[in-house]
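Reading the structure
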Amino acid sequence: MRAQIAFNRPLSSRYRHLGILAPGFPCAFAAGQFVMVRPPFVTDPFLPRAFSIYRLSSADEDAPVVELLYQVIGKGTQRLSRMEPGQRIELLGPLGNAFAVPESLDTPVLVAGGIGVPPIAALAAALAKRRRSQATGAPGTAEGCPQTIRVFLGGKTADDVLCVKDFEAAGATLAAATEDGSLGARGLVTDLLEPFLRGARHPATAVFTCGPLGMLAAVARLAEQHGVPCQASVEENMACGFGACMGCAVEVRAEGAGPRYKLVCKEGPVFDSRELVWR
Ligand SMILES: Cc1cc2nc3c(=O)[nH]c(=O)nc-3n(C[C@H](O)[C@H](O)[C@H](O)COP(=O)(O)OP(=O)(O)OC[C@H]3O[C@@H](n4cnc5c(N)ncnc54)[C@H](O)[C@@H]3O)c2cc1C
Ligand code: FES
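What you are looking at is a predicted structure, and each value in this text was computed from that prediction instead of being measured.

1. Regarding the site of ligand 1
Surrounding ligand 1, one finds 19 residues, the nearest of these being Arg49, Ala50, Gly76, Thr77 and Asn237. Separating a nitrogen atom of ligand 1 from a backbone N or O atom of Glu236 is a distance of 3.2 Å. Separating a nitrogen atom of ligand 1 from a side-chain N or O atom of Asn237 is a distance of 2.7 Å. Considered on its own, ligand 1 offers 870 Å² of accessible surface; in the complex 73% of this is hidden by protein. Put simply, ligand 1 lies in the largest pocket. For the shell around ligand 1, the secondary-structure elements that each account for two or more residues are strand E4 (49-52), strand E6 (65-71) and helix H1 (75-81). It is E4 that provides the largest number of residues to the shell around ligand 1, a total of 4 residues. Partitioning the shell around ligand 1 into residue classes produces 9 nonpolar, 6 polar and 4 charged.

Right under this line is the structure:
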């Protein structure tokens, strides 16, 4: 899909907020889905890059603005950071599966590390919308409405803790941890999560998480220890985004002989954390 940059603003020295005006893009998405993005006529890097959808906006339903948050880390994101409003960009999506919130859940626990936050912020917004619909008595929404949204955010410094205002707007109860202590508690986000999960009410609690692999593995381990279901959105290097290149395979737990793999782009990026082999 040929789209164009609507805005591309810095959030801080390393993070940016990108809006892509995308005629024909669906006017709804599910939290956890992603898009593949590539500047046209660029050969270095040649492959598109994957980004979670943060939110959709626009007055015009035929041409929504797909909003992404991204960290500038390598050639692809550096090139993206130099793009100006009005420039053409290639966009493919929405792709992948999404977080599935069980109807019986009353305490969703959202855990994000660094730039893992966009799909988690999207999930908080969706849960808040569900709660508002219930409060206004919209038909068919009384079931499966979360009472409390708990959010745990982690980062190296305060600069790496994004979307705080979004979570506040969603009415979430928020706790943050930074490694240098510049925001919230000093330490890791799992230091805050562990005591919370120890006291969690079962079976009405479930964890939804996205962030660096080490954090995901630690969150998955804690959730399993405390018997709390956990869905993790996993990031892998992706070349195509739709199941053609096999480049994004992750190992899943197998009962029989030999390893078994799933494709993050098609069967993920969200997995039940107990399904994955964490290293
Ligand atoms: C489903 C999905 C959703 C994502 N959502 C976001 C998002 O919302 N915001 C965001 O900033 N980033 C997101 N990413 C990661 C993003 O795709 C990479 O940061 C981006 O591809 C890096 O491109 P680059 O050319 O700048 O860096 P490269 O030069 O390609 O890589 C720089 C370094 O980052 C590593 N790297 C590259 N891609 C990934 C990756 N996917 N996972 C882990 N390490 C990687 C490389 O191994 C290398 O060490 C997502 C990835 C996936 C798969
Ligand atoms: S990115 Fe090509 S198969 Fe998943």
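2. Considering empty space enclosed by the protein
The tally for this structure, following the rule as stated, stands at 1 cavity of 30 Å³ or more. Its volume calculated, the largest cavity comes out at about 70 Å³. Val37, Arg38, Pro39, Val42, Pro45, Leu47, Arg49, Gly76, Arg79 and Leu80 are the residues that line the largest cavity. Secondary-structure elements contributing two or more residues to the lining of the largest cavity are strand E3 (34-38) and H1. The element that contributes the greatest number of residues to the lining of the largest cavity is H1, accounting for 3 residues. Grouping the amino acids of the lining of the largest cavity by side-chain chemistry returns 6 nonpolar, 1 polar and 3 charged.

3. Quick notes on the packing of aromatic side chains
Applying the stated criterion across every chain, the model contains 3 aromatic pairs. Between Phe51 and Tyr70, the ring centres sit 6.0 Å apart and the planes meet at 65°, which makes this aromatic pair edge-to-face. Of this pair, Phe51 sits in strand E4 while Tyr70 is found in strand E6, placing the two residues 19 residues apart along the sequence. Considered together, Phe51 and Tyr70 belong to a single accessibility category, that of buried residues. Here the aromatic rings of Phe152 and Phe196 are separated by 5.5 Å at their centres, their planes lie at 55°, and the arrangement is tilted. Of this pair, Phe152 sits in strand E9 (residues 150-155) while Phe196 sits in helix H4 (residues 189-198); the two residues are 44 residues apart in sequence, bridging distant segments of the chain. Neither Phe152 nor Phe196 differs from the other in exposure class; each is buried. The aromatic ring of Phe7 is capped on one face by Arg9, whose charged end is 3.9 Å from the ring centroid.

Each value, and the rule that gives it
- Residues numbered from 1 in each chain as written.
- Chains lettered and ligands numbered in written order.
- Predicted model: local features only at pLDDT ≥ 70, side-chain atom pairs only at ≥ 80, totals over all residues.
- Heavy atoms only, no water.
- Near = heavy atom within 4 Å.
- Polar contact = N/O pair within 3.5 Å; in protein donor to acceptor, adjacent residues only side chain to side chain.
- Areas by Shrake-Rupley, 256 points an atom, 1.4 Å probe, with all protein chains shown as cover.
- 1 Å grid on protein atoms, 1.4 Å probe; cavity = no way out; pocket = protein on both sides within 12 Å on 5 of 7 lines; lining within 4 Å.
- Sits in = over half its atoms within 2 Å of the grid points.
- Helix = DSSP H or I, 4+ residues; strand = E, 2+ residues; numbered from the N terminus.
- Nonpolar A, V, L, I, M, F, W, Y, C, P; charged D, E, K, R; others polar.
- Points joined across faces, edges and corners; volume = space filled by probe spheres on them.
- Phe/Tyr/Trp six-rings, centres within 6.5 Å; stacked < 30°, edge-to-face > 60°.
- Buried < 20%, exposed > 50% of the residue type's maximum accessible area, 1.4 Å probe, protein only.
- Lys NZ or Arg CZ within 6 Å of the ring centre and 35° of its normal.

These figures come from the coordinates and say nothing about function on their own.
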